Structures are given as C-alpha cells and as structure tokens.
Amino acid sequence: MSAPHLDTALFTPAQARAIDRRAIDELGIPGFELMARAAAAAYAQLRRLWPEARHLRIVCGAGNNGGDGYLVGRDALAAGLHVDLVALGMPKEGGDAALARQAFLDAGGTATAAVDDDALATPDVIVDALYGTGLNRAPEGEAKAAVEAINAAGVPVLALDVPSGLSADTGAAPGVAVRANATATFIVHKRGLHTHLAELAGTVVLHPLDLPASILEAPDATLLTPRGLPPRPRDAHKGSNGHVLAVGGDHGTGGAVRMAAEAAARTGAGLVSVATREQHVLAMNAARPELMAHAVDGPQTLQPMLDKASVVALGPGIGQAAWGHALWQTALDAGKPTVLDADGLNLLHAEPRVLPAAIVLTPHPGEASRLLGITTADVQADRFHAVRTLARKYAAVVVLKGNGSLIAAPDGRVAVCPWGNPGMASGGMGDTLTGIIAGLLAQGCEPFDAACLGVGLHARAADAAARHGERGLLAGDLLDPLRRLVNGLEA
Ligand SMILES: NC(=O)C1=CN([C@@H]2O[C@H](COP(=O)(O)OP(=O)(O)OC[C@H]3O[C@@H](n4cnc5c(N)ncnc54)[C@H](O)[C@@H]3O)[C@@H](O)[C@H]2O)[C@H](O)CC1
Ligand SMILES: [K+]
C-alpha cells in the first residue's frame, strides 16, 4: 500500500494505538521518547499560537495523555514559564506517565490534586492533558468539574491529542468535553476529530513525531481535498454533458426541485429538465428556458422524460402522497443513475425496493435514522458506523450530511468533508447538493467520486458564500462560487 498522505489519512483510536505500539515494538522507540517528542511538538505549537504566554495551567489525567502534559510542563519550566499543574489521579507506577511526572517534579514543577480556581491565578493558557484516545466514558466527578473549569476559565485552551471528553473514534461526546482553541494531535489524525462535534478541537495540527511511514496501515477514512472537474474537451456539445431530470415538486413544494435543477445546471450538466406539478415552477419556463419544466401528472407523462434523461435527481419536494409515490416508483424502475433525497428517502424507508445500480442516497441524520430503524441520537453517536451500514444495506453510495459530512461506498470506503458551516442549515441546501451530485454524474463521474466531489464543492461554495456572513446564507448564494469551484478556479 502506498503510504497514505498523512494530512488526509484518518484512523480509529484503535489503529492509532496499534501504530504507537509498532513504533515502540518494531522501531524500538521507547514510549517515553514518543511522549517527549509529543510534548516538545505541542509546546512548540503553544509558543507559536501564544508567544506572550508566561503562565500555563496544565490539567493532567492519570494516563499517557497526562504524561504528555507533564512533559509539556517540564519544557515550559525549562523555558522559564510559570506552570501550575493540576493532577487528577496518579499515573501507574513504573509507566511512562509516572516517569513523565517525575521528570516534571525533577525540573522543579509542583502538582496539586484538584482544580481549586480561587487558589490559582488565572493562567495565560490552559493545556488539556486529561484524556486522549483512552477516553472510555463520560467524565464524572472531579474530571467533569475539571472540564467545566477549563471551559469556564475564559483563557485559550490547547488540547493534547484530543480535547478531553470528545471521542476520538466517533466525534461524539458521551458527556462534558473541553472546548479547545487548538489541538496538537500526535502521529496520525483520529477520525473523531473531523466529524460531528469535532469543532470542540478547534484548529487541529498534526505532529507526526518523525516516525517513518512503514509503521502506518491503511487508514479508516480519508479527508476530501479541494478539486474541480478537468477542463472540457474543445469539441464538447450539449449532449456530451448528460441530461439531468429533476423529479419532484408537488403542489406547494416546487422550490426544492427548482433548486436541484439550478444546481445541476450550474455544475455543468448539458441539459436539465424538471418533472413537477407545481404551477409556479412551470410558469418560470419563459424566464428560465434552460430549466425545461414539464407538468407531469403521473407515470405515463413522466416516462418519455425518463427515456431522454441520463441521470435522475429524485425526491426534492416530491412529498409522500399518491402522485409523488407513483413518480418515485416509475423513476426508480427506469434504473438510470439516480440521486435519491428528501421524501424520496422516506418513501424508500416505507417501501424498500430494488435501486438502480448507480445510486447515491443523501440523508441527513433524521432520514438516516429512519432508514436504519434507530434513533437520530444513535446515528450521531457513531456516524461512521451508521453511514457504512447504510451503504452496505442499500448497496449504495451514501452521503450522511451534518457537521463533517461522511461519504461511504458499499465497499467500506469512507471520505470525510472538512468544509462547511452552520449557515448551511437552511432550506434548499440539501436540494442544491442533490443537484450538484446529479450534475457530476451527468458529466461522467462514478457515483462515489460524484458524491465526494459534490459534497466538497457544495461545502466549499457555502464557505465562500459565508464570507458575507453565515446568517442569511441562502442556497442560491452557492451557485456563483460553485461555478468557479467546479471549473477548478478560486471561489
Ligand atoms: N506511547 C503511546 O502510546 C503514546 C501515547 N500518547 C498519548 O497517550 C494517550 C493515550 O493514553 P492512554 O493512557 O491510553 O489513555 P488516556 O491518557 O487518554 O486516558 C487515561 C485513562 O483514563 C481512563 N479514563 C478514560 N475515560 C475516563 C473517564 N471518563 N473518567 C475516568 N477515567 C477515564 C482510562 O482508563 C484511560 O486509560 C494519547 O491520546 C496520547 O496523548 C503520546 O502522545 C504518543 C505516544
Ligand atoms: K486531552
């Protein structure tokens, strides 16, 4: 396996521990040496971020994450900084963390047993060394109090390896969790730092600790990288970039299917048409002839449109009434490459059926929970497991939307989107994504690639549009940056 590009390779905590072990057992690098390298890297990051800091508070747990913290303290003392260190629990006798604690004490450090804010002056920076990849339950008691004190201190926080309380595996938080301005993560990226509650980590910087790629293994997931479509061949013509048929838009919900059609057109589909029965969408034909909207009252008027289309965007505004259900059946029977979204997914939950070979499902956590028969909280508690289960169950490419959207293929591959912002939680954003993915399928992208590229373009366009503020960000604002991004230009 070619060495994964460390910046985009994401691993589970179990994989990270195995890699740590290989470094110790195969390369003969003592755990304490790794800890010292981690601490030196974290301390250097701290100095870069807060060069004026003179007083650190370091909160250490009883494990190796705490060990990292003690050695950050030792490095800070050596540089003349004032360090107050709070130790929650004592490291295991003879372990690396115990050696680290001793090294801190030998450097003149002192450790107190609890976070008694009144007794301690407010520090310039807090270093969170409570829990790393070893978190296995919600912080309780004095650990919970320590996390709350860190979050309440009102000073910048640097988390070591993982913000304490966040699961490095799922990005969920079983209980309270540190909200860090930055995280110094060691050796490899953990996948939990890139989805769901990952914003608790703040800016994540990876420190490989000078370990050779030989100790790595195949990553569990990979981060998307910015890209667009290759330039068009000069002799391209309308027919060579596919024909997207957007099917949906029942009475009163025509905006969704129009958004999907617009997005497909802006992504570069050669032809786009709309099958709907929403009068205002039909009325816009005069103004927007490029989105050929046709009144469709049932399967018999939909079929000729399906025959001409190369890709179907199915579901935006389709509803679950008899009209929508009949079109949904007919469109899926056609077996064309399809993006299935919104009520198209809810209809699938109600009536499981054979899907086209080239199919992309784009559920938000709620739709995913219905398709999986679990609660939305269960989906969010382990998004990686949920998206892989869906992809396998429906033999489909699945986009599990949300903070750090995940894209899974039936073969187990998972990609993670590093872009996006809360402004995207507004109407029409999902319809736009559906149209973008359909537009990419129409231009010849394979389903998994269309989903990965589409999610990335959508989120990057939203980030570009959010430069004018996340509030008031509307789906239509994405179309202009989207066009530049899909052409490989700067947004
Ligand atoms: N040589 C190495 O492996 C390196 C590890 N690095 C750092 O080590 C941590 C992982 O350390 P580990 O001892 O496995 O676990 P933690 O320190 O994260 O957790 C400590 C300990 O705490 C217990 N625990 C977990 N959750 C709770 C809870 N909610 N309440 C109470 N106690 C809890 C559990 O038993 C854990 O074992 C890794 O993140 C790195 O920071 C070095 O950086 C690199 C070398
Ligand atoms: K930590």
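Cut-offs used in this document
- The written sequence of each chain sets the order in which its residues are numbered from 1.
- Each chain gets a letter, beginning with A, and each ligand a number, beginning with 1, in the order they are written.
- Reporting in this predicted model follows two pLDDT cut-offs: at least 70 for local features of residues, and 80 or more for side-chain atom pairs to be given and counted; totals over whole chains, interfaces and linings ignore these cut-offs and use all residues.
- Hydrogens and water are ignored here; the side-chain numbers use all heavy atoms of the structure.
- Donor atoms (N, O, S) are those found within 2.8 Å of the metal centre, with the cutoff raised to 3.2 Å for Na, K and Ca; water is not part of the atom list, so apparent gaps in a site can occur.
- Here the metal geometry follows the donor angles, with tetrahedral for four donors whose angles all fall between 85 and 135 degrees, square planar for four and octahedral for six when opposite donors are more than 155 degrees apart and every other angle is between 65 and 115, and irregular for all the rest.
- Numbering goes from the N terminus for both helices and strands, where a helix is a DSSP run of H or I of at least four residues and a strand is a run of E of at least two.
- Burial status follows relative accessibility: with a 1.4 Å probe on protein chains alone, a residue under 20% of its type maximum counts as buried, one over 50% as exposed, and anything between as partly exposed.
- We call Phe, Tyr and Trp rings a pair once their centres come within 6.5 Å, taking the six-membered ring for Trp, and we label the pair stacked below 30 degrees between planes, edge-to-face above 60, and tilted otherwise.
- Only Lys NZ and Arg CZ are tested; either one counts as a charge over a ring when it is within 6 Å of the ring centre and within 35 degrees of the ring normal.
- Salt bridges are defined by distance alone: a side-chain nitrogen of Lys or Arg within 4 Å of a carboxyl oxygen of Asp or Glu.
- Domains are outlined according to an automatic or database domain assignment.
- What makes two residues a contact is simply this: any of their non-hydrogen atoms within 4.5 Å.
- Put simply, buried area is the surface a 1.4 Å probe can reach on two separate parts but cannot reach once they are joined, added for both.
- Polar contacts, as used here, are pairs of N or O atoms within 3.5 Å; protein pairs need one atom able to donate a hydrogen and one able to accept it. Residues neighboring in sequence count only if both atoms are side-chain atoms.
- Here the rule is simple: two strands pair whenever DSSP picks up at least two bridges between them.
- As a rule, the C-alpha atoms of each element are fitted with a line to give its axis, helices using only the stretch in contact, and angles between N-to-C directions run from 0 to 180 degrees.
- Note: crossing handedness is left-handed where the near helix turns anticlockwise from the far helix by less than a right angle, and right-handed where it turns clockwise.
- Note on residue categories: nonpolar means Ala, Val, Leu, Ile, Met, Phe, Trp, Tyr, Cys or Pro, charged means Asp, Glu, Lys or Arg, and polar means any other residue, Gly included.
- The rule is simple: put a 1 Å grid over the protein atoms alone, call a set of points where a 1.4 Å probe fits but cannot get out a cavity, call an open set with protein on both sides within 12 Å along at least five of seven lines a pocket, and count a residue as lining if it has an atom within 4 Å of a point.
- Grid points are joined across faces, edges and corners, and a volume is the space filled by probe spheres set on the points.
- Nearness is defined per residue: one heavy atom within 4 Å of the molecule or strand is enough.

### With respect to the coordination of the potassium ion (ligand 2)
Octahedral metals with six donors have ideal donor angles of 90 or 180 degrees. Tetrahedral metals with four donors have an ideal donor angle of 109.5 degrees.
(1) Moving on: Here the potassium ion (ligand 2) is held by the protein donor atoms Asn65 (OD1), Asp128 (O), Tyr131 (O), Leu160 (O), Val162 (O) and Ser164 (OG), which lie 2.6 to 3.1 Å from it.
(2) Moving on: For the potassium ion (ligand 2), the 6 donor atoms in the first shell make angles of 66 to 169 degrees at the metal, a pattern classed as irregular.
(3) Moving on: Ordering the donors of the potassium ion (ligand 2) by residue number gives the pattern N-x62-D-x2-Y-x28-L-x1-V-x1-S. Of this pair, Asp128 sits in strand S5 (residues 125–129) while Leu160 sits in strand S6 (residues 157–160), and the two are 32 residues apart along the sequence. Judged on exposure class, the residue Asp128 and its partner Leu160 are both buried.

### Concerning the packing of aromatic side chains
Each aromatic ring pair is specified by the distance between its two centres and by the angle formed by the two planes.
(1) Moving on: In the structure shown here, the tally under the stated rule is 1 aromatic pair.
(2) Moving on: With a centroid separation of 6.1 Å and an interplanar angle of 50 degrees, the aromatic rings of Tyr70 and Phe104 are classed as tilted. Of this pair, Tyr70 sits in helix H3 (residues 64–78) while Phe104 is found in helix H4 (residues 96–106), placing the two residues 34 residues apart along the sequence.
(3) Moving on: Looking at Arg353, its charged tip hangs above the ring of Trp328, at a distance of 6.0 Å from the centre.

### Section: the pattern of salt bridges
Pairing is possible between side chains of opposite charge, provided their charged atoms come close.
(1) Moving on: Applying the stated rule across the entire model yields 19 salt bridges.
(2) Moving on: With a shortest N-O distance of 3.3 Å, Glu262 and Arg258 are connected by a salt bridge. Here the residue Glu262 and the residue Arg258 both occupy positions in helix H6 (residues 254–267), the gap between them amounting to 4 residues, near one helical turn.
(3) Moving on: Glu262 sits in the buried class, given a relative accessible area of 10%.
(4) Moving on: For Lys401, the salt bridge goes to Asp341, with nearest N and O atoms at 3.6 Å. Of the two residues, Lys401 is situated in the loop between strand S17 (397–400) and strand S18 (406–408) and Asp341 in the loop between strand S15 (338–340) and helix H10 (343–350); the sequence distance between them amounts to 60 residues. For the residue pair Lys401 and Asp341, the accessibility class agrees, reading buried in each case.
(5) Moving on: Shared partners join several salt bridges into a network, and the residues in it are Asp169, Arg191, Asp220 and Arg388.

### What to know about the domain arrangement of the chain
(1) Moving on: Taken domain by domain, the chain holds domain 1 (9–222) and domain 2 (238–486).
(2) Moving on: Its C-alpha centre places domain 1 at a distance of 41 Å from the equivalent point of domain 2.
(3) Moving on: Contact with domain 1, which involves 13 residues of that partner, is made by 13 residues of domain 2.
(4) Moving on: Across the domain 1/domain 2 interface, buried area totals approximately 980 Å², and carbon plus sulfur atoms make up 47% of it.
(5) Moving on: One can count 1 salt bridge joining domain 1 with domain 2.
(6) Moving on: The partner of Asp220 in a salt bridge is Arg388, with the nearest N and O atoms 3.3 Å apart.
(7) Moving on: Scanning the region where domain 1 abuts domain 2 turns up 9 residue pairs in polar contact (both at pLDDT 80 or more).

### Some details on the sheet that holds strand S11 (residues 243–247)
(1) Moving on: Strand order in the open sheet formed by 12 strands is S8-S1-S10-S19-S18-S17-S16-S15-S14-S11-S12-S13, with mixed pairing between adjacent strands. Two strands bound the open sheet, and with one partner strand each, they are strand S8 (189–190) and strand S13 (291–295).
(2) Moving on: Relative to strand S14 (residues 311–314), S11 runs parallel, the two being bridged by 4 bridges. Counted as the bridge partner of Ala246 is Ala313 from S14.
(3) Moving on: Sheet contacts for H6: S11, strand S12 (271–276) and S13; angle to S12, the most-contacted strand, approximately 170 degrees.

### Some words on the side chain of His189
(1) Moving on: Within the element layout of this structure, His189 appears in strand S8.
(2) Moving on: Overall, His189 belongs to the buried group, its relative accessible area being 6%.
(3) Moving on: At 3.4 Å, the side chain of His189 and the side chain of His194 are in polar contact.
(4) Moving on: Look past the residues within four positions of His189 in its chain and what remains in contact with it is Leu6, Asp7, Ala9, Leu10, Phe11, His194, Val204 and Leu206.

### Things to note about the packing of helix H8 (residues 299–308) against helix H9 (residues 322–333)
(1) Moving on: One way to put it is that H8 packs onto H9 with a least axis distance of 10 Å and a crossing angle of 35 degrees. In the crossing of H8 with H9, the sense of the turn from one axis to the other is right-handed. Where H8 approaches H9, its residues Pro299, Leu302, Gln303 and Leu306 are matched on the opposing element by Ala326, Leu327, Thr330 and Ala331.
(2) Moving on: Across the contact of H8 with H9, the residue classes tally to 6 nonpolar, 2 polar and no charged.

### Some remarks on empty space enclosed by the protein
(1) Moving on: All chains considered together, the criterion is met by 1 cavity of 30 Å³ or more.
(2) Moving on: The calculated volume of the largest cavity comes to roughly 40 Å³.
(3) Moving on: Looking at the largest cavity, the residues that line it are Leu6, Ile187, Pro208, Leu211, Pro212, Ile215 and Leu216.

### Some details on the site of ligand 1
(1) Moving on: Close contacts around ligand 1 come from 19 residues, with Asn65, Asp68, Gly132, Arg137 and Asp161 the closest.
(2) Moving on: Contacts to ligand 1 include Asp20, whose side-chain N or O atom sits 2.9 Å from an oxygen atom.
(3) Moving on: For the shell around ligand 1, the secondary structure elements donating two or more residues are helix H1 (13–25), helix H2 (31–49) and H3.
(4) Moving on: When residues of the shell around ligand 1 are assigned to their parent elements, the largest contribution, 3 residues, is made by H3.
(5) Moving on: Taken together, the residues of the shell around ligand 1 break down into 8 nonpolar, 7 polar and 4 charged.

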